[in-house]
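Results of the structural survey
Okay, here's what each chain looks like letter by letter:
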Amino acid sequence: MKTNKNLIVAIDGHSSTGKSSFAKMIARELGYIYVDSGAMYRAVTLHCMEKGLFDEHLAPSEEAVMELLPGIEISFRRNPETEVNEACLNGRVVEREIRSMEVSDHVSYISTIPGVRTQMVELQRKLGTEGGVVMDGRDIGTVVYPDAQIKIFMTAGVEVRAERRRKELEEKGVSVDPEKVRRNIMERDRIDSGRETSPLKQADDAKLLDNSEMTFADQMEWFFSEFDNILRDGQDN
Ligand code: DC
């Protein structure tokens, strides 16, 4: 269903609930652009790691991270083969590197830093100025686009999410200890929901989607039935 309304679709929720797969499917169906806001925090994290800011036990100080920020340029480039937007760090495609376990282990800390959030939110708003965007993250419906016409908050059981994440990594050829994956997910839930600046929480006007027992097809059916009125108003003739 193409819609000529330039809507903003904001998708927030817990880690490994399949937000990006769902967001990409919606973007394809509506003919919208997909923006992965988590990729931005991951790219900042990767840069800090490459600059040697993390050692085995110590997280870097906020000041050290903020000092690096002016040297970080994040952009997205469309891959013509996969037709997917890939994250770039200072012009280099880093789509693979930012999905590593090491980046996943450190990203929640980086995303708690208020100065980092301010800059990422600014960039996220810039990317959505024209509308016609599906954006996923943790604070899209609460902070980045509080006026988004469509807001979804996704969740699923921890075991289900850990198994999905393990499979996803396995498909990429990364073998991981399932218990480590489960712990990483629980730790990210704790940090994402507990941080002071823009904690992960469901916006009052967001629709809750628990996809523990849903297929992709079920989710798309839910989306079109839940938001039928909003989408139909803007349907192409
Ligand atoms: O969606 P993801 O797993 O790629 O996100 C990576 C991390 O970035 C996640 O631990 C929380 C953080 N994040 C955030 O704080 N705000 C967003 N809008 C998106 C992601």
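See above for the structure.
Okay, so let's go over this structure. Keep in mind it's a predicted model, so treat the numbers as computed, not measured.

Rules behind the numbers
- Residues numbered from 1 in each chain as written.
- Predicted model: local features only at pLDDT ≥ 70, side-chain atom pairs only at ≥ 80, totals over all residues.
- Heavy atoms only, no water.
- Near = heavy atom within 4 Å.
- Polar contact = N/O pair within 3.5 Å; in protein donor to acceptor, adjacent residues only side chain to side chain.
- Areas by Shrake-Rupley, 256 points an atom, 1.4 Å probe, with all protein chains shown as cover.
- Axes fitted to C-alpha atoms, helices over the stretch in contact; angles between N-to-C directions.
- Helix = DSSP H or I, 4+ residues; strand = E, 2+ residues; numbered from the N terminus.
- Parallel < 35°, antiparallel > 145°, perpendicular 65-115°, else oblique.
- Left-handed = near helix turned anticlockwise from the far one by under 90°.
- Contact = heavy atoms within 4.5 Å.
- Nonpolar A, V, L, I, M, F, W, Y, C, P; charged D, E, K, R; others polar.

What follows is about the site of the ligand. Neighbouring the ligand are 15 residues; R42, R117, D139, R188 and R195 lie closest to it. R117 is positioned with one of its side-chain polar atoms (N or O) 2.8 Å from an oxygen atom of the ligand. One of the side-chain N or O atoms of R188 is found 2.9 Å from an oxygen atom in the ligand. Compared with its free state, where it exposes 450 Å², the ligand has 94% of that area covered by protein.

On to the packing of helix α2 (residues 37-50) against helix α5 (residues 114-127). The interhelical angle for the contact between α2 and α5, taken along N-to-C directions, is 140°, at an axis separation of 10 Å. Between α2 and α5, the angle is such that the two are oblique. Here α2 and α5 pass one another in a crossing that is right-handed. Listed contacts from α5 to S37, M40, Y41 and V44 of α2 are V116, R117, M120, V121, L123, Q124 and L127. When its residues are assigned to classes, the contact of α2 with α5 shows eight nonpolar, two polar and one charged.

Structural measurements only, silent on function.
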